Amino acid sequence: MSKILVAANWKMNGSKSFVSDFIREIASNYNQEHYHKLLICPPFPYLDQVSKGLSKTDIQIGAQDIAQFENGAYTGEVSAEMLSDNDCKYVLVGHSERRTILGEKDHIISEKFNMAIKKNLVPILCIGETHDQKEKSLTEEIIDSQITAIADGIDLDKHSKFIIAYEPIWAIGSGLSATPEDAQDVHEFIRYIIKKISKELAESTQILYGGSVNINNAKKLFSMPDIDGGLIGGASLDSSGFLAIAKQ
Ligand code: PGA
């Protein structure tokens with residue numbers, strides 16, 4: 001069985017009819033023998049439709065965000081338990097669009113990450129540098145600080161289950177993916193940082209690459225030793241293209 005995880009981040013896209021077409025295509029073609037493992041992260045209103053539509057497959061469902069609170073008077077928020085109630089096993093935390101457009105700071109991201117772990121969801125922590133930071137050779141410093149900000153607030157040990165998605169901000173939606181070699185260098189660095197917490201954790205933690213992954217670059221990216229799969233945005237909205245990436 002493939003160790004590669006291919007995750008779809010639909011962002012704020014979709015409709016009931018889009019979801020039903022997508023599910024039909026995936027459910028009738030996907031099998032774990034010939035494809036990598038799949039995870040789909042639709043917007044909240046479609047979680048139930050996706051989960052019911054894919055219930056006969058082993059495709060996993062994830063959410064794109066989670067409240068840092070358990071329950072109560074937090075208008076507009078969606079709790080960990082509500083996600084579990086909709087068959088979510090995974091949740092994106094700290095996506096750069098939430099950091100930059102919605103102003104989410106490291107301490108909020110740390111609380112969300114913590115809540116996911118506490119409620120037995122697998123958080124997918126998204127990290128990555130801007131173009132400016134890359135030009136100034138600050139990539140490692142940024143990555144280190146983004147991971148440390150999370151790890152400092154939580155008692156992570158060798159049993160903790162989470163995923164990291166390295167998504168250079170300049171590569172997201174730009175068509176300019178990192179080269180497989182450059183992405184590999186950063187992934188190796190990420191594993192080195194996790195090793196400071198625990199060697200076992202560094203070995204077991206999946207590190208996905210995200211940022212303009214498509215059918216032409218997926219195979220080479222997924223063949224790198226420290227790249228354990230991809231977080232796919234734009235290219236995940238086309239079901240047959242997404243399936244083709246999942247076969248690379
Ligand atoms: P992209 O987005 O594949 O459209 O670059 C990836 C992401 O933001 O998760």
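Note that the structure is a prediction, hence the values are computed from the model and not measured.

A. Here's a closer look at the overall build of the protein. Counting its secondary structure elements, the protein contains 11 helices and eight strands. In terms of its C-alpha atoms, the protein occupies a principal-axis envelope of roughly 45 × 45 × 35 Å. The buried share of the protein, reckoned over its 248 residues, is 52%. In the protein, 25 side chains carry a positive charge and 34 a negative one; their mean positions are 4 Å apart.

B. The packing of aromatic side chains, seen in detail. According to the stated counting rule, one finds nine aromatic pairs in the structure shown. A ring pair is formed by tyrosine 30 and tyrosine 35, whose centres lie 5.5 Å apart and whose planes are at 40 degrees; its orientation type is tilted. Residue tyrosine 30 is classed as buried on the basis of its relative accessible area of 8%. Classification of tyrosine 35 as buried rests on a relative accessible area of 11%. For the ring pair phenylalanine 69 and tyrosine 74, a centre distance of 3.8 Å and an interplane angle of 0 degrees mean the geometry is stacked. Through pairs of rings, three or more aromatic residues link up here, namely Trp10, Phe18, Phe22 and Phe242.

C. How the structure looks around a negative patch on the surface. Together, Glu140, Asp182, Asp185 and Glu188 give the surface a local cluster of negative charge. In terms of residues, the negative patch owes the most to one element, helix 8 (residues 180–195), which gives three residues. Residue placement: glutamate 140 occurs in helix 7 (residues 139–152).

D. The arrangement of the packing of helix 5 (residues 106–118) against helix 7 in detail. Where helix 5 meets helix 7, the axes come as close as 8 Å, and the angle between the chain directions of the two elements is 55 degrees. When the axes of helix 5 and helix 7 are compared, the pair comes out oblique. For the crossing formed where helix 5 meets helix 7, the hand is right-handed. Taking contact as the criterion, the partners of Asp106, Ile109, Ser110 and Phe113 in helix 5 are, on helix 7, Ser145, Ala149 and Ile150.

E. Spotlight on the environment of tyrosine 209. Position of tyrosine 209 among the secondary structure elements: in strand 7 (residues 206–210). Beyond its immediate chain neighbours, meaning those up to four positions away, tyrosine 209 contacts Tyr166, Pro168, Ala171, Ser177, Ala178, Ala183, His187, Leu221, Ile227, Gly229, Gly230 and Leu231. Side-chain polar atoms of tyrosine 209 contact the backbone oxygen of glycine 211, separated by 2.9 Å.

F. Focus on unusual backbone geometry. The backbone of lysine 11 sits at a positive phi, close to 55 degrees, despite the residue not being glycine. You can see lysine 11 is positioned in the loop between strand 1 (5–9) and helix 1 (16–29). Even without a glycine there, the phi angle at serine 137 is positive, about 55 degrees. Structurally, serine 137 is set in the loop between helix 6 (131–135) and helix 7. A residue is classified by how much of its surface remains accessible, and serine 137, at 65% relative accessible area, is exposed.

G. Representation of the packing of helix 7 against helix 8 within the structure. Between helix 7 and helix 8, the least distance of the axes is 10 Å, while the angle of their chain directions is 40 degrees. When the interaxial angle is binned, helix 7 and helix 8 end up oblique. The hand of the helix 7/helix 8 crossing is right-handed. Here helix 7 contributes Thr139, Glu140, Ile143, Asp144 and Ile147 to the contact with helix 8, which in turn contributes Val186, Phe189, Ile190 and Ile193.

What counts, and at which threshold
Residues numbered from 1 in each chain as written. Predicted model: local features only at pLDDT ≥ 70, side-chain atom pairs only at ≥ 80, totals over all residues. Heavy atoms only, no water. Helix = DSSP H or I, 4+ residues; strand = E, 2+ residues; numbered from the N terminus. Buried < 20%, exposed > 50% of the residue type's maximum accessible area, 1.4 Å probe, protein only. Lys, Arg positive; Asp, Glu negative; His and termini not counted. Charge placed at Lys NZ, Arg CZ, Asp CG, Glu CD. Phe/Tyr/Trp six-rings, centres within 6.5 Å; stacked < 30°, edge-to-face > 60°. Patch = residues over 30% accessible without salt bridge, like charges linked within 9 Å, V, L, I, M, F, W, Y side chains within 5 Å. Areas by Shrake-Rupley, 256 points an atom, 1.4 Å probe, with all protein chains shown as cover. Salt bridge = Lys/Arg side-chain N within 4 Å of Asp/Glu carboxyl O. Axes fitted to C-alpha atoms, helices over the stretch in contact; angles between N-to-C directions. Parallel < 35°, antiparallel > 145°, perpendicular 65-115°, else oblique. Left-handed = near helix turned anticlockwise from the far one by under 90°. Contact = heavy atoms within 4.5 Å. Polar contact = N/O pair within 3.5 Å; in protein donor to acceptor, adjacent residues only side chain to side chain.

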